[in-house]
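The residues making up each chain are set out below.
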Amino acid sequence: MEVLASSSLSPIFTKPNKTNPNFSIQVKLWVTQPPKIVKASNFRYGRTRSNKPRSNATNPGLVLVCNRFLCVIERNDHRKLSGKVMMKSSVNFRQNLSAALVRLVSVLLVSSISVVTTDSPSWGLSEENLLFLEAWRTIDRAYIDKTFNGQSWFRYRETALRNEPMNTREETYMAIKKMVATLDDPFTRFLEPGKFKSLRSGTQGAVTGVGLSIGYPAASDGSPAGLVVISAAPGGPASRAGISPGDVILGIDKITTEPMTIYDAAQMLQGPEGSTVELAIRSGPETRLLTLTRERVSVNPVKSRLCELPGSGSNSPKIGYIKLRTFNQNASSAVREAIETLRGNNVNAFVLDLRDNSGGSFPEGIEIAKFWLDKGVIVYICDSRGVRDIYDTDGSNAIATSEPLAVLVNKGTASASEILAGALKDNKRALVYGEATYGKGKIQSVFELSDGSGLAVTVARYETPAHTDIDKVGVTPDHPLPKSFPKDEEAFCGCLKDPTAACYLNQGLLFSR
């Protein structure tokens with residue numbers, strides 16, 4: 001019998017091991033024979049407990065019993081050996097043992113065992129193979145769904161290394177994309193070096209493009225196939241062209257967006273400053289073709305405004321309005337500065353506007369929540385086994401916990417914005433106004449690979465402090481806003497001051513439960 005055991009990467013693979021899917025066994029049967037009993041003479045016993053040597057006479061009661069795998073020395077008179085069996089070298093012993101071994105060779109099973117239990121294939125790996133394995137391991141360790149969409153992740157690795165062409169970098173990228181596609185998760189994506197760099201630049205303050213944040217349409221909203229506009233940066237090319245949240249991008253430069261990922265689309269929307277891009281946009285029943293000129297869109301995360309409402313003298317109510325556009329790496333410091341400036345002007349209440357904020361840096365969202373809360377859970381991080389981590393605050397970073405707070409949201413409020421809105425709502429710190437948010441309840445981490453490419457991997461889902469899973473549902477507001485309610489800070493103040501305006505919102509009701 002020959003037994004070959006290998007890891008799942010070994011080219012030797014015949015019979016899967018159900019106990020350990022990363023271990024397989026190949027079996028080859030050559031010879032099977034029943035156990036043989038062979039008389040052995042000239043074996044000498046060891047000394048007894050009395051330390052007296054036994055006779056040197058041959059003991060015919062000692063036999064060599066062999067089965068398919070093992071030979072052992074036993075007595076055939078049912079007495080136990082009192083000590084170790086000793087073999088004394090002698091001419092007769094060597095002759096008898098040689099004869100016995102010759103007989104055994106003719107009937108014993110020829111066997112060999114080769115065990116391979118390493119994590120890498122037994123054949124040589126190319127540089128392209130190693131890059132593929134780096135991507136595979138990243139997903140293996142980080143991905144939220146440990147069933148990997150109901151497939152054997154180890155088996156996929158073995159099959160891909162055996163069958164997928166990886167002779168060039170382009171072929172390796174294609175193999176990685178094919179692997180990621182088996183997860184059927186639109187937010188877990190492979191990013192080629194240019195796309196990875198583009199994604200990182202989007203969290204660092206400025207991009208060259210048309211000023212759009214885009215996402216996938218909800219499966220049940222009846223929207224046409226394409227990518228949905230989450231928000232348009234105020235003053236950017238898309239905003240000036242009249243593109244609004246909820247519009248659907250049907251095509252980019254005459255290429256349909258139906259099979260595109262958001263990362264592919266973002267790559268096409270960005271480009272050299274001054275270059276143009278053609279978009280097919282559907283707004284309600286209307287479809288428009290727009291040509292936009294790319295420009296450097298500076299993403300200033302925060303704008304703030306002090307709104308002084310009509311009142312009597314120094315007792316006039318003052319409301320601090322803070323518009324948070326994105327969660328880039330400067331967001332928390334900018335919000336802190338705005339809060340401290342407005343508190344220095346003795347505001348009576350705050351309005352935090354998260355409308356059309358499509359998210360960004362998760363840690364920045366957590367830090368901003370801490371400014372408003374004296375204690376409590378901010379968000380639960382969950383994986384396939386339940387709650388994995390809890391982000392909370394003890395109030396040590398709080399700077400505005402006493403003033404009434406209203407939060408404004410809409411369907412362009414997504415991701416980190418929803419974490420912040422959900423935390424303030426569930427902790428009874430703020431009233432939420434507007435419409436249901438986008439509903440992105442999954443968290444991605446971005447991993448850079450050794451060649452400058454990267455992976456965006458869904459690593460967890462989150463629940464609000466009330467254990468609400470908002471994925472594809474969104475945060476439900478406490479109250480609606482007037483449909484004509486403006487999105488800029490100047491007009492906002494006007495809607496609080498003028499009771500005759502269509503957008504008027506009584507400031508007393510704004511903060512009242």
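Residues numbered from 1 in each chain as written. Predicted model: local features only at pLDDT ≥ 70, side-chain atom pairs only at ≥ 80, totals over all residues. Heavy atoms only, no water.

### Things to note about the overall build of the chain
Here is step 1: When you go through the chain residue by residue, the secondary structure sums to twelve helices and 27 strands.
Here is step 2: Buried residues in the chain amount to 44% of all 513 residues.
Here is step 3: A separation threshold of at least 6 residues defines the contact pool for the chain, and within that pool the share at least 24 residues apart is 68%.
Here is step 4: Carbon and sulfur atoms make up 51% of the accessible area of the chain, which amounts to about 25,900 Å² in all. (Helix = DSSP H or I, 4+ residues; strand = E, 2+ residues; numbered from the N terminus. Buried < 20%, exposed > 50% of the residue type's maximum accessible area, 1.4 Å probe, protein only. Contact = heavy atoms within 4.5 Å. Areas by Shrake-Rupley, 256 points an atom, 1.4 Å probe, with all protein chains shown as cover.)

### A closer look at the nonpolar core
Here is step 1: In terms of nonpolar packing, the biggest core is built from 68 residues, with Ile139, Leu324, Leu352, Trp372 and Val407 touching the most fellow members.
Here is step 2: Looking at which element gives the most residues to this core, the answer is helix α2 (residues 127-142), with seven residues.
Here is step 3: Residues contacting Leu324, with those up to four places away along its chain left out, are Pro301, Val302, Ala331, Val335, Leu352, Asp353, Leu354, Asn357, Ile368 and Leu420.
Here is step 4: Membership of the second largest hydrophobic core comes to 21 residues, among which are Ile249, Met260, Val277 and Leu290. (Core = buried A, V, L, I, M, F, W, Y, C linked by side-chain atoms within 4.5 Å.)

### Some words on the packing of aromatic side chains
Here is step 1: Per the stated rule, a full pass over the model turns up ten aromatic pairs.
Here is step 2: With a centroid separation of 6.2 Å and 25° between ring planes, the pair formed by Tyr143 and Phe148 is classed as stacked. The pair formed by Tyr143 and Phe148 is uniform in burial state, with each residue classed as buried.
Here is step 3: Seen from their ring centres, Phe350 and Trp372 are 5.3 Å apart, and the 75° between their planes marks the pair as edge-to-face. Of the two residues, Phe350 sits in strand β21 (residues 349-353) while Trp372 sits in helix α9 (residues 362-372), which places them 22 residues apart along the sequence. Here Phe350 matches Trp372 in class, with each residue buried.
Here is step 4: Taken together, the ring pairs in this structure connect Trp136, Tyr143, Phe148, Trp153, Phe154 and Tyr156 into an aromatic cluster.
Here is step 5: Over the aromatic face of Trp136 sits the side chain of Arg157, whose NZ or CZ is 4.3 Å from the ring centroid.
Here is step 6: Lying over the aromatic face of Phe187, Lys440 brings its terminal NZ or CZ to 5.0 Å of the ring centre. (Phe/Tyr/Trp six-rings, centres within 6.5 Å; stacked < 30°, edge-to-face > 60°. Lys NZ or Arg CZ within 6 Å of the ring centre and 35° of its normal.)

### So, the sheet that holds β21
One key point about sheets: their strands pair by backbone hydrogen bonds, in either a parallel or an antiparallel sense.
Here is step 1: Pairing within the open sheet is mixed, and its five strands lie in the order β19-β20-β21-β24-β25. Because the sheet does not close on itself, it has two edges, and the strands there are β19 (302-308) and β25 (431-434). The sheet shows a mean angle of 20° between the axes of neighbouring strands, taken without regard to direction.
Here is step 2: Judged from the five bridges that link them, strand β20 (residues 318-324) and β21 form a sheet pairing that is parallel. Among the inter-strand pairings, Lys323 is bridged to a residue of β21, identified as Asp353. (Pairing = 2+ DSSP bridges. Axes fitted to C-alpha atoms, helices over the stretch in contact; angles between N-to-C directions.)

### Observations regarding the state of the cysteines
Here is step 1: In the structure shown here, the tally under the stated rule is two disulfides.
Here is step 2: Here Cys307 pairs with Cys493 through a disulfide, and the sulfurs are 1.8 Å apart. Disulfide Cys307-Cys493: the torsion about the S-S bond is -60°, which places it as left-handed. Taken together, the positions of Cys307 in strand β19 and Cys493 in helix α11 (residues 489-497) put the pair 186 residues apart, joining distant regions of the chain.
Here is step 3: Accessibility expressed as a relative area gives 0% for Cys307, which makes it buried.
Here is step 4: There is a disulfide in this structure between Cys495 and Cys503, and the S-S distance comes to 1.7 Å. Taking the torsion about the sulfur-sulfur bond, which here is approximately -90°, the covalent link between Cys495 and Cys503 counts as left-handed. Taken as a pair, Cys495 and Cys503 share a single burial class, namely buried. (Disulfide = S-S within 2.5 Å.)

### Observations concerning the confidence of the model for the chain
Here is step 1: The pLDDT averaged across the chain works out to 77; a share of 72% of its residues lies at or above 70.
Here is step 2: Here residues 1-91 scores under 50 on pLDDT; set against residues more than four positions off or in separate chains, the count is 163 contacts.
Here is step 3: Considering only residues more than four positions removed or in separate chains, one finds that residues 105-122, a stretch of pLDDT under 50, has 36 contacts. (pLDDT = per-residue confidence, 0-100.)

### Comments concerning the pattern of salt bridges
Here is step 1: On inspection of all chains with the given rule, the structure shows 18 salt bridges.
Here is step 2: Two residues, Asp471 and Lys442, come together in a salt bridge whose shortest N-O distance is 2.9 Å. Taken together, the positions of Asp471 in the loop between β27 (454-463) and α11 and Lys442 in strand β26 (residues 442-448) put the pair 29 residues apart, joining distant regions of the chain.
Here is step 3: Between Arg461 and Asp469 there is a salt bridge, with its nearest N and O atoms 3.9 Å apart. (Salt bridge = Lys/Arg side-chain N within 4 Å of Asp/Glu carboxyl O.)

### Here we look at the environment of Asp488
Here is step 1: When you line up the elements, Asp488 lands in the loop between β27 and α11.
Here is step 2: With 165 residues separating them along the chain, Asp488 and Lys323 place their C-alpha atoms 8.2 Å apart.

### What about the side chain of Glu158?
Here is step 1: Residue placement: Glu158 occurs in helix α3 (residues 153-163).
Here is step 2: Overall, Glu158 belongs to the buried group, its relative accessible area being 2%.
Here is step 3: A polar contact is formed between the side chain of Glu158 and the side chain of Arg162, at a distance of 2.8 Å. (Polar contact = N/O pair within 3.5 Å; in protein donor to acceptor, adjacent residues only side chain to side chain.)

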